[in-house]
4 protein chains.
Amino acid sequence: MGTPSRGGVPTCRDEYVDDLAMLVGGSVWSCAFSPNGTLLATAGNDLVIRLWDPGTGRLHGTLAAHTRRVWSVAFSPDSSMLASAGDDGTVRLWTSRTRNTRSCAPP
Amino acid sequence: MGTPSRGGVPTCRDEYVDDLAMLVGGSVWSCAFSPNGTLLATAGNDLVIRLWDPGTGRLHGTLAAHTRRVWSVAFSPDSSMLASAGDDGTVRLWTSRTRNTRSCAPP
Amino acid sequence: MGTPSRGGVPTCRDEYVDDLAMLVGGSVWSCAFSPNGTLLATAGNDLVIRLWDPGTGRLHGTLAAHTRRVWSVAFSPDSSMLASAGDDGTVRLWTSRTRNTRSCAPP
Amino acid sequence: MGTPSRGGVPTCRDEYVDDLAMLVGGSVWSCAFSPNGTLLATAGNDLVIRLWDPGTGRLHGTLAAHTRRVWSVAFSPDSSMLASAGDDGTVRLWTSRTRNTRSCAPP
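Residues numbered from 1 in each chain as written. Chains lettered and ligands numbered in written order. Predicted model: local features only at pLDDT ≥ 70, side-chain atom pairs only at ≥ 80, totals over all residues. Heavy atoms only, no water.

Colleague: Lay out the overall build of chain A with the relevant residues and their values.
Modeller: Within chain A one finds zero helices and 10 strands. Put simply, chain A runs from its N terminus to its C terminus through helices and strands in the order β-β-β-β-β-β-β-β-β-β. Across the 107 residues that make up chain A, the buried fraction comes to 59%. The long-range fraction of contacts in chain A, counting pairs at least 24 apart against all pairs at least 6 apart in sequence, stands at 32%. (Helix = DSSP H or I, 4+ residues; strand = E, 2+ residues; numbered from the N terminus. Buried < 20%, exposed > 50% of the residue type's maximum accessible area, 1.4 Å probe, protein only. Contact = heavy atoms within 4.5 Å.)

Next comes the structure, spelled out in structure tokens:
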């Protein structure tokens, strides 16, 4: 079991691998997993909140309402709601219509 | 079950809908749900911490004491306390008088 | 049970009251409760991490090592460790000597 | 059991001691413990996410893919994934190959 050097710092083989990269429009200031683990929410300069399936990196949906950049997103403890806020002077609450069940059919 | 395109990105029907928008005074830097899920706290440039009922979007109360913008709010694990801090050189602790029971009668 | 207006917005009687204000030196960027609820950690421009007893607002201790402002503090899930980081190019780990038991005698 | 003064503020003997200092390249904006407590993730201006063993302060691995500074890191609730995001317009998901078991042999 080798331990190759990288940049002079001895490291283990990376425990976290298989990078999925999802493109968004501009800087992202906040990312949060839902407590039930089914979604990842991200938000930033491009005004929309994106909801991702963390298992596949697939875009699950977008929430568009803010008119200025979004600094903060947070899920409620039961994952049924998402709050978002930023520079536009509103706090927005988004509610899960299906309350944590998947409603997306694969393409 | 259709999967309409939006902006060229195939998406599911949004799982999170029914946006509630609550007006505050200026940029919001921090939002946090209480661990018991009964309240959402927000704070930012207008100096006050607002407490919202996340189910209805109704304003539950305001905490006014900071004299400069507030960067951070956090609930204690049992939801009985809220800490806030920012640019005015104080850290403030707010304690639930009724310890998590609702004390507001509907108007 | 009255519901007085405040600034034109109908509100409930504040559920969170009894504000404790603790003085620190300058802007605070981060505050976090330990998962076991016994401590509140704050940090910011004055370089030290302060640990507070959230029940009384009393200063429990200070952790001084950073040489530039601190942006982030976080407790480990079992509350035994605190991580801090900011502009000085170090990440610091602080370990509870008494592992969550109170070691402070009242003055 | 004495309570020595420090800077005029009466304090307890520090409950958190034994500072471990780990060097990184520049400002750190975000640090987060994995929910299972086995890792600490940090990220900031030098583009890489570092994973540390919080018990020893040892570098467990580095995740290099971002091309601009990283503002936010977050673990999934089961600790199997890490999300990172910042200025480069991507959100990255890193998955634990060994799903929470240690794969590093001591050097």
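The discussion continues.
Colleague: Could you give an account of the sheet that holds strand E4 (residues 28-33) of chain B, with specific residues and numbers?
Modeller: Residues and elements named next belong to chain B. Pairing is antiparallel across the open sheet formed by four strands, whose spatial order is E4-E5-E6-E7. Looking at which strands have only one partner, the edges of the open sheet turn out to be E4 and strand E7 (58-63). Across this sheet, the average inter-strand angle for adjacent strands is 20°, counted without regard to direction. Here three bridges tie strand E5 (residues 40-44) to strand E6 (residues 49-53), and the two strands are oriented antiparallel to one another. Pairing of Ala41 across the sheet is with Leu51, part of E6. (Pairing = 2+ DSSP bridges. Axes fitted to C-alpha atoms, helices over the stretch in contact; angles between N-to-C directions.)

Colleague: How would you sum up the side chain of A:Ser76? Please name residues and give values.
Modeller: Locating A:Ser76 in the fold gives a position in the loop between strand E8 (70-75) and strand E9 (81-86). Within the structure, the side chain of A:Ser76 is placed 3.3 Å from the backbone nitrogen of A:Ser80, a separation counted as a polar contact. With sequence-adjacent residues up to four places away left out, A:Ser76 is seen in contact with A:Pro35, A:Met81 and B:Phe33. (Polar contact = N/O pair within 3.5 Å; in protein donor to acceptor, adjacent residues only side chain to side chain.)

Colleague: Could you give me a rundown of the sheet that holds strand E7 (residues 58-63) of chain D, with the residues and numbers involved?
Modeller: Two orientations exist for strands paired in a sheet by backbone hydrogen bonds: parallel and antiparallel. Residue and element names in this part refer to chain D. Pairing in this open sheet of four strands is antiparallel, and the strands run E4-E5-E6-E7 from one edge to the other. Each edge of the sheet is formed by a strand with only one pairing partner; in this case those strands are strand E4 (28-33) and E7. Pairs of neighbouring strands in the sheet enclose a mean axial angle of 25°, with direction left out of account. Bridge count between E4 and strand E5 (residues 40-44): five bridges; the pairing is antiparallel. Looking at the pairing, Ala32 lines up with Ala41 of E5.

Colleague: How would you explain the pairing of strand E9 (residues 81-86) of chain D if you had to name every residue and give the values?
Modeller: Residue and element names in this part refer to chain D. Counting buried positions along E9 gives six out of six residues, so the element sits mostly inside the fold. Side-chain alternation along E9 places Met81, Ala83 and Ala85 on one buried face and Leu82, Ser84 and Gly86 on a second face that is also buried. One ladder, built from five bridges, connects strand E8 (residues 70-75) with E9; its direction is antiparallel. The partner of Val73 across the bridge, within E9, is Ser84. Between E8 and E9, which pair antiparallel in sequence order, lie five residues; one of them, Ser79, sits at a positive phi of approximately 65°. As paired strands, E9 and strand E10 (residues 90-96) are joined by five bridges and run antiparallel to one another. Paired with Leu82 across the two strands is Trp94, which belongs to E10. Taking the residues between adjacent antiparallel strands as the criterion, E9 and E10 are bridged by three residues, where Gly89 takes a positive phi near 80°.

Colleague: Talk me through the pattern of salt bridges; I want residue IDs and the actual numbers.
Modeller: Residue and element names in this part refer to chain B. Tallied over the full model, the rule gives eight salt bridges over all chains. Between Asp46 and Arg50 there is a salt bridge, with the nearest N and O atoms lying 2.7 Å from each other. Residue classification places Arg50 among the buried residues on the basis of a relative accessible area of 15%. The salt bridge partner of Arg69 is Asp87, with a shortest N-O separation of 2.9 Å. In this pair, Arg69 sits in the loop between E7 and strand E8 (70-75) while Asp87 sits in the loop between strand E9 (81-86) and strand E10 (90-96), placing the two residues 18 residues apart along the sequence. Classification of Arg69 as partly exposed rests on a relative accessible area of 35%. (Salt bridge = Lys/Arg side-chain N within 4 Å of Asp/Glu carboxyl O.)

Colleague: Report on the environment of D:Thr67, specifying residues and quantitative values.
Modeller: Residue and element names in this part refer to chain D. Relative to the helices and strands, Thr67 resides in the loop between E7 and E8. Linking Thr67 and Asp78, residues 11 residues apart in sequence, is a C-alpha distance of 28 Å. If we skip the residues at most four places from it in the chain, Thr67 touches Leu47 and Asp88.

Colleague: Lay out unusual backbone geometry with the relevant residues and their values.
Modeller: Not every positive phi belongs to a glycine, and B:Ser79 is a case in point at roughly 65°. Examined against the element boundaries, B:Ser79 turns out to sit in the loop between E8 and E9. Among the residues examined, B:Ser79 registers a relative accessible area of 1% and is labelled buried. A positive phi is found at C:Leu47, a non-glycine position, where the angle reads about 80°. As for its position among the elements, C:Leu47 is in the loop between strand E5 (40-44) and strand E6 (49-53). Take C:Leu47: its relative accessible area is 26%, and that puts it in the partly exposed class.

Colleague: Please provide a residue-by-residue account of the packing of aromatic side chains, values included.
Modeller: According to the stated counting rule, one finds eight aromatic pairs over all chains in the structure shown. When the centroid spacing of 5.1 Å and the interplanar angle of 45° are considered together, the rings of B:Trp71 and C:Trp29 count as tilted. One end of the pair, B:Trp71, is in strand E8; the other, C:Trp29, is in strand E4 (residues 28-33), on a second chain. Through pairs of rings, three or more aromatic residues link up here, namely A:Trp29, A:Trp71, B:Trp29, B:Trp71, C:Trp29, C:Trp71, D:Trp29 and D:Trp71. (Phe/Tyr/Trp six-rings, centres within 6.5 Å; stacked < 30°, edge-to-face > 60°.)

Colleague: I'd love a proper account of the environment of D:Gly89, names of residues and values included.
Modeller: The residue D:Gly89 is located in the loop between E9 and E10 in this model. Accessibility expressed as a relative area gives 7% for D:Gly89, which makes it buried. It is 8.8 Å that separates the C-alpha atoms of D:Gly89 and D:Arg68, two residues lying 21 residues apart in sequence. Here D:Gly89 is in contact with A:Met22, A:Leu23, A:Val24 and A:Gly26, once residues within four sequence places are set aside.

Colleague: I'd love a proper account of the confidence of the model for chain A, names of residues and values included.
Modeller: All names here are of chain A. Looking at chain A as a whole, its pLDDT mean stands at 78, while 76% of the residues score no less than 70. Long-range and interchain partners of residues 1-14, a stretch whose pLDDT sits below 50, account for 21 contacts in this model, where long-range means more than four residues apart. With pTM at 0.78, the complex prediction returns an ipTM value of 0.75. (pLDDT = per-residue confidence, 0-100.)

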